[in-house]
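Tertiary structure, described
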Amino acid sequence: MPAVDYYEVLGVGKAASVNEIKTAYRRLAKSHHPDAGGSALTFQLVREAYDTLSDPMRRAGYDAGGRSVRAPIRPRPRRRFGEEPGYEPEPVVIDPDDLEWWEFAAQDGRVRHGRRRGPGHTPVVAAVGGMVLVLLPVLTGVGFSAPTLIIWLILTAGTALLVQRLARGYLAASRAKTRFAAEFGGKRVFGTPGTESDELAERLTADLLERYLTRLPGARIFHGLSWPDSVFADVDHAVLCGKRLVLIESKLWLPGHYETDDDDRLLRNGRAFRGGGSRLTESLAEYRRLLPGVTMRGAMIVYPSRTGEITTDLDDPSPAPPMTPEQFLHEIGGWLAAEPSTVDSATMRVVRSRVVGSAA
């Protein structure tokens, strides 16, 4: 195979910054992606160059070794150290009674479309009571003194105003519901998780999200989202509920205890972990620029790649902490349940547009 200079592939100098490398990669990826009519061979080469030069450790190794030999288009998967052939972690099963937010989330099954939701029972009862008080003197033929007439006119005006506000509220809620149904239908899950053998963790998380977080009436689940100006599934999953969005990466790693240090570096059993990477912090930065009014969190859900237990730090302050599936459901599920019935159509529209492939 011919030698390849990854810097030449991306058209950048050897002193290029990470942002310059990213910009060059996105520009080339747009034109060389097979979906855009590009060459699969060239596209893979661009991707290889970006994956190598965007990772500080891989870039340092590449620079130390000089020019690289291009890998074939379909390299044979390599068995990683510690793998257990045929092993698949068991799907997570949690008793809903153990989740503090479970019952609270379903107390009101009505979906609020942004601020648009039909009036509740209290204003309706108040309006009916006001109408009875207003009409009762008229129906019974009771005469009015001047002070009584003034009070009756005030009650009549107040009741009419309340009825008008109720009618406007119902109409606004009905229009919002109709528009939402026309645009999004009844779907609550958009996109599909990976189907390749090395994407088992993504499928496990997809099942986890759909079995538990659909308990939240306003929750919408997305699989495979791209960053702005990207055509790749840069984010494994996302869950939106109201104005709260969690971005999720799914990992299949060796058993052990995972946490982050003060510099947000990932540790396994107290030592720097080099068995896998994450772009979740970068994904959060990209989506915060895309959705400045939305509150966001990140979560890296970790499953064992062989027999053994995964544990994580319950008080990890990192913006993208590793979590067990159980920890994710307790912590992130409760966080999303702050407004369990709210659907923000504008935010949902933007997030759905980032789903790679068909979002319908």
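Residues numbered from 1 in each chain as written. Predicted model: local features only at pLDDT ≥ 70, side-chain atom pairs only at ≥ 80, totals over all residues. Heavy atoms only, no water.

Looking at an unreviewed UniProt entry, one finds the protein named Molecular chaperone DnaJ and attributed to Amycolatopsis alba DSM 44262.

It is worth spelling out the overall build of the protein at this point. When you go through the protein residue by residue, the secondary structure sums to 11 helices and 14 strands. Counting the 360 residues in the protein, one finds 42% classified as buried. Considering only contacts in the protein between residues 6 or more positions apart, those separated by 24 or more positions represent 69%. With the model as given, the accessible surface of the protein reaches about 19800 Å², and the carbon-plus-sulfur share is 55%. (Helix = DSSP H or I, 4+ residues; strand = E, 2+ residues; numbered from the N terminus. Buried < 20%, exposed > 50% of the residue type's maximum accessible area, 1.4 Å probe, protein only. Contact = heavy atoms within 4.5 Å. Areas by Shrake-Rupley, 256 points an atom, 1.4 Å probe, with all protein chains shown as cover.)

Moving on, we come to the sheet that holds strand β9 (residues 266-268). The strand order across the open sheet formed by 4 strands is β10-β9-β8-β12, and the pairing between neighbours is mixed. Of all the strands in the sheet, just β10 (271-272) and β12 (310-312) have a single pairing partner and so form its edges. Here strand β8 (residues 256-260) pairs with β12 via 3 bridges, running parallel. Each residue of the ladder has a partner; that of Tyr258, found in β12, is Thr312. (Pairing = 2+ DSSP bridges.)

What follows is about the confidence of the model for the protein. With 76% of its residues at a pLDDT of 70 or more, the protein shows a mean pLDDT of 82. Overall, residues 69-79 carries pLDDT values under 50, and its contacts beyond four positions in sequence, including any with other chains, amount to 15 contacts. (pLDDT = per-residue confidence, 0-100.)

So, about the side chain of Asp344. Within the secondary structure, Asp344 sits in the loop between β14 (342-343) and α11 (345-353). Residues contacting Asp344, with those up to four places away along its chain left out, are Leu240, Gly242 and Lys243.

With that out of the way, let us pick up the nonpolar core. It is characteristic of soluble globular proteins that their nonpolar side chains tend to be buried jointly. Counting residues in hydrophobic clusters, the biggest one holds 46 residues, and the most contacted among them are Leu10, Phe222, Leu225, Leu245, Leu247 and Tyr287. Looking at this core, the element that brings in the most residues is helix α3 (residues 40-53), giving 6 residues. Taken domain by domain, the makeup of this core includes at least three residues from each of domain 1 (6-64) and domain 2 (96-111 + 187-354). Setting aside its immediate chain neighbours within four residues, Leu245 contacts Ala238, Val239, Leu240, Tyr287, Leu291, Val294, Thr295, Met296, Arg297, Trp335 and Val351. Listed in part, the 30 residues of the second largest apolar core include Val92, Ile221, Val246 and Met323. (Core = buried A, V, L, I, M, F, W, Y, C linked by side-chain atoms within 4.5 Å. Domains from an automatic or database assignment.)

A separate point is empty space enclosed by the protein. If you walk through the whole model with that rule in mind, you get 1 cavity of 30 Å³ or more. Empty space within the largest cavity amounts to approximately 40 Å³. Lining the largest cavity are Pro91, Val92, Leu204, Asp207, Leu208, Arg211 and Tyr303. Per-element accounting of the lining of the largest cavity gives the leading share, 4 residues, to helix α8 (residues 200-212). Partitioned by chemical class, the residues of the lining of the largest cavity number 5 nonpolar, no polar and 2 charged. (1 Å grid on protein atoms, 1.4 Å probe; cavity = no way out; pocket = protein on both sides within 12 Å on 5 of 7 lines; lining within 4 Å. Points joined across faces, edges and corners; volume = space filled by probe spheres on them. Nonpolar A, V, L, I, M, F, W, Y, C, P; charged D, E, K, R; others polar.)

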